[in-house]
Structure formats: structure tokens, C-alpha cells
Amino acid sequence: MAAEKKGLQLLDFWVSPFGQRCRIAMAEKGLAYEYLEQDLGNKSELLLRSNPVHKKIPVLLHDGRPVCESLIILQYLDEAFPSTPALLPAGDPYARAQARFWADYVDKKVYDCGSRLWKLKGEPQAEARKEMVEILKTLEGALGEKPYFGGDTFGFVDVAFVPFTAWFLSYERYGEFSVAEVAPKLAAWAKRCGERESVAKNLHPPEKVYEFIGVLKKKYGVE
Amino acid sequence: MSPPVKILGAFSSAFTHRAEVALRLKGVPYELIQEDLSNKSELLQKHNPIHKKVPVLLHGDRAVCESLVIVEYVDEAFDGPPLLPVDPFDRATARFWARFLDDKCSTSYWLALWTEGEVQKGSVKEIKENLALLETQVKGKRFFGGDTVGYLDIAASAFVGHWLSVFEEVAGVTLVTDAEYPDLCRWAKEYTSHETVKQCLPEREKLLAHFTASKDFIVSAVKSMTPK
């Protein structure tokens, strides 16, 4: 068997919020890794071999062994590198359960609803808009008065949700609403996170994301 | 002394079973509060306002929702044999397959059982492929967790074994046979006869009666899941 490549590698796609979670996590933890941009229209042998079940990014390779699914990658990073700053609060099972619940909520709700916002028109789009506003208000409720979802420290749920802040502009334009208006504390949280180096360096400008959606729409033949 | 533990659950719910079996494996006493899912209690709506679903674990004044989140909480909050593997890579693998079941298999699982025609055919093909993938994780092992029941066994119990055999009977659909899935069938027998697990498996006859009575409701609910 060929020697496995040592260290961390990330199979990823530039605009993916799920990939960005991993990039931000490794930056927060001070972990060096090799970034490998994937062509999703022509998937590499490495990607297909590393994630045969889903064939999706992100995939973390650690000494050649693949870990798939972004939230699972985040937990793996916490557990495999215990001397780095923890994303899930150490020694507090209830806080950890809360964090897992809210990260799961983000996973279940945000991307899917966002996609419907830009893919659909008329009544279904109006439904998606209503739902997105509800999702943002619910997340704002979970944030409460805390600076971060993790409390005083930037943590698991913050990392899980922050990449979607680059999509807020697009949600606002397609949904015709303002995040600052419907969820002001969430908007403030987004700004606060944006000031962190790990976030600033790993998110793309919202206009770029908007442009990317435009390209996707043409590709799917959505007017 | 640790504050009291309660589960808001439903006897017919495989997801409630996940929460119960986790507590029993840890040796944690608890009270099961049965919810009438057609008439959800204030207690349930208060403690799971987001999803309004069972199970909910109440530990003193803490409420934990989502069955897999509950299992991890139970593993971390209580002493006793570990439910998740020790090694980080093995933990990631167990979590991956549990998510695979809950996120990727769920829709095709319900559609394969409860729909008809082309939609059903496609779903049966998909779920059978997915079950074959799952089976690779238990090949040559007594349990997904190795020698002892663990996180992935608990996760899988909602999709294979006790509940599936009831669904297959009520729906008149066969998804898993000994011939096609020898390891999954072997696992199902091991799991359902495990001394701790069987304490919180509902009686098959009762499950059968419940799902037979609910069949029409399930079929119409699943129709709304059909991809447009």
C-alpha cells in the first residue's frame, strides 16, 4: 500500500459554506492543512475514493484517512487535536448538547430554504421567504444576549452558521427583506464574527456569492 | 445525587427507543412519559418548541431534543460503559453512518414502504443500495460497536430489525431478507435479544396493531414527502 500523505488535507469547493466551516475551524485551532480545490463537475479520483457514499465536499484527510460531513469534521478536529481551542465547550455535556442541537438546526433548515429562495418564483418563493425570516428569528432567539452562540467564546454553532452570513445579501435580494431589520442581534453577531481573522480570511465577499448564484441559476435554467 | 431523568416519548417511536436504550446501557433510571402524538402535551411543546417531536430527555431542568443528540448527551453526562468509540476516527465513522441513516436514508425508506408505482420502485432501489452500504459496517462483528452495543447500533435500530419487520408486515413490502443481507439480519437478532435492549423494545404485537391502525394516516403523510 502506498504511503499515505501525512498531515491534514481538505477537499473543498471555494464557495461552499460547509467547506468554509472546516477552514474556519482549522484557522481557529491554528492547524496547518493543504487546501485542495475540487472540480465538482468532474469529480477527482481522490474525492470519489474518499467519500464514496456521498461524493461530496468537504472531506478532511488526516494522514490519508477521510472524515466526511462538515459537522462531523468539526467534532473530529476537537477530538483529534485536544490541545487546540475547543469548538464544543469541554466538560459541559448540556452546553454540548445545545450546541449540537442548534448546529443540526442550521443544517436542516438554512441551506435548503435559501436554495428555494433563489430557485423558485411566485407563491413557493414567498413561502421560502417567510420560512427564512422565521429561521433567522429562531436563531436570533437561540443567540439571545450572548456575543456568540458559544457564549463568550466563538464556538461550534458560530462556526456552523457563520459561513451563511456571506449568503445573507443574496437571501435579502431574492427574499426582499433585510436581516438587520428582522433579526438585528443576528446581524450584529454576523458583523462581530466578520471581525475575526479566521472568518475574514475564509469567507468570500457577499457580492461574489450573489454572482455565483447567478451563474448557478443559468446552469439550472432558472430565470 | 443526580436530578431525576425523564423521557417524553411514544411507545411506537423507534427514536424514543434510542433514548431509552442509551439510558439503560448506562444504568440510569428514568421515567417514561407517554405522549399522545395526535394531541401533543403542553410539556412537549414547552420543551421542544422548535420541532415538537419525541423523544425529549428531561434531566432536572435541562431539556435535550433530537434522538442522536440525546444519545451523545447520555454518553457524556453519565458514567458507565461508553456508547461511542474511544478513538476520534472511529467516533467520526460512527457519527457518519448514523447521519447517513437519519439524513440520507430516511426519505427513501418511508417512500419504499408506503408509496406505490414508479416512486416506490425508485425508492426501493435506493434504500436497498443504502442498506447494503450500512451492512458493510457490521460485517464480521457482533454489533456495529464491536463486541458491545454502541452508538451506531442504537442509531440503526430505528431503521433495521424490530421496527422494520413490523413496517414490512403492515406495508406488505419486503426490503431486508436473510439471503440479501445476512449480516444485517444476524445483527438484528443479536440486537433485539440483547438483555438490556430488549427491556425497552415494545412488544411486537402491540407495534403491529398500532401501525396497522395508523396505516392510512402514514400513507397520506408519506405522500406529502414525495419529491415533486
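Above: the structure in question.
Okay, so let's go over this structure. (Residues numbered from 1 in each chain as written. Chains lettered and ligands numbered in written order. Predicted model: local features only at pLDDT ≥ 70, side-chain atom pairs only at ≥ 80, totals over all residues. Heavy atoms only, no water.)

**Regarding the packing of aromatic side chains**
All names here are of chain B.
So, step 1. Tallied over the full model, the rule gives 26 aromatic pairs over all chains.
So, step 2. A ring pair is formed by tyrosine 109 and phenylalanine 167, whose centres lie 6.4 Å apart and whose planes are at 75°; its orientation type is edge-to-face. Note that tyrosine 109 is positioned in helix 4 (residues 88–114) and phenylalanine 167 in helix 7 (residues 162–171), a separation of 58 residues in sequence. Neither tyrosine 109 nor phenylalanine 167 differs from the other in exposure class; each is buried. (Phe/Tyr/Trp six-rings, centres within 6.5 Å; stacked < 30°, edge-to-face > 60°. Helix = DSSP H or I, 4+ residues; strand = E, 2+ residues; numbered from the N terminus. Buried < 20%, exposed > 50% of the residue type's maximum accessible area, 1.4 Å probe, protein only.)

**Brief notes about the nonpolar core**
So, step 1. Membership of the largest hydrophobic core comes to 158 residues, with the highest contact counts inside it found for Leu139(A), Phe161(A), Leu186(A) and Trp189(A).
So, step 2. Residue contributions to this core peak at 14 residues, all from helix 4 of chain B.
So, step 3. The contact partners of Leu139(A), leaving out residues within four places of it in the chain, are Trp102(A), Tyr105(A), Val106(A), Val110(A), Phe149(A), Phe161(A) and Leu186(A). (Core = buried A, V, L, I, M, F, W, Y, C linked by side-chain atoms within 4.5 Å. Contact = heavy atoms within 4.5 Å.)

**Looking at the interface of chain B and chain A**
So, step 1. Each partner contributes residues to the interface: chain B has 24 residues there, and chain A has 25 residues.
So, step 2. Counting the surface lost from both chain B and chain A, the interface buries some 2300 Å², and carbon and sulfur atoms represent 67% of this.
So, step 3. For chain B, the biggest contributors to the area lost against chain A are Glu76(B), Phe89(B) and Phe96(B); these three give 26% of the whole.
So, step 4. On inspection of chain B and its partner chain A, the count reaches seven salt bridges. (Buried area = accessible area lost by both parts, 1.4 Å probe. Salt bridge = Lys/Arg side-chain N within 4 Å of Asp/Glu carboxyl O.)

**Observations regarding the environment of Phe156(A)**
Residues and elements named next belong to chain A.
So, step 1. Positionally, phenylalanine 156 belongs in helix 6 (residues 156–161).
So, step 2. Each C-alpha atom of the pair phenylalanine 156 and lysine 191 lies 17 Å from the other, and the pair is 35 residues apart in sequence.
So, step 3. With near-sequence residues (within four places) excluded, phenylalanine 156 lies in contact with Leu71, Leu74, Gln75, Leu87, Leu88, Ala99, Arg100 and Ala103.

**Describing the packing of helix 1 (residues 17–29) of chain A against helix 4 (residues 93–119) of chain A**
All names here are of chain A.
So, step 1. Contact geometry of helix 1 with helix 4 gives a least axis separation of 12 Å together with a crossing angle of 135°. Relative to helix 4, helix 1 is oriented oblique. Touching Pro17, Phe18 and Arg21 of helix 1 are Val106, Asp107 and Tyr111, all from helix 4.
So, step 2. Residues that form the contact of helix 1 with helix 4 fall into these classes: four nonpolar, no polar and two charged. (Axes fitted to C-alpha atoms, helices over the stretch in contact; angles between N-to-C directions. Parallel < 35°, antiparallel > 145°, perpendicular 65-115°, else oblique. Nonpolar A, V, L, I, M, F, W, Y, C, P; charged D, E, K, R; others polar.)

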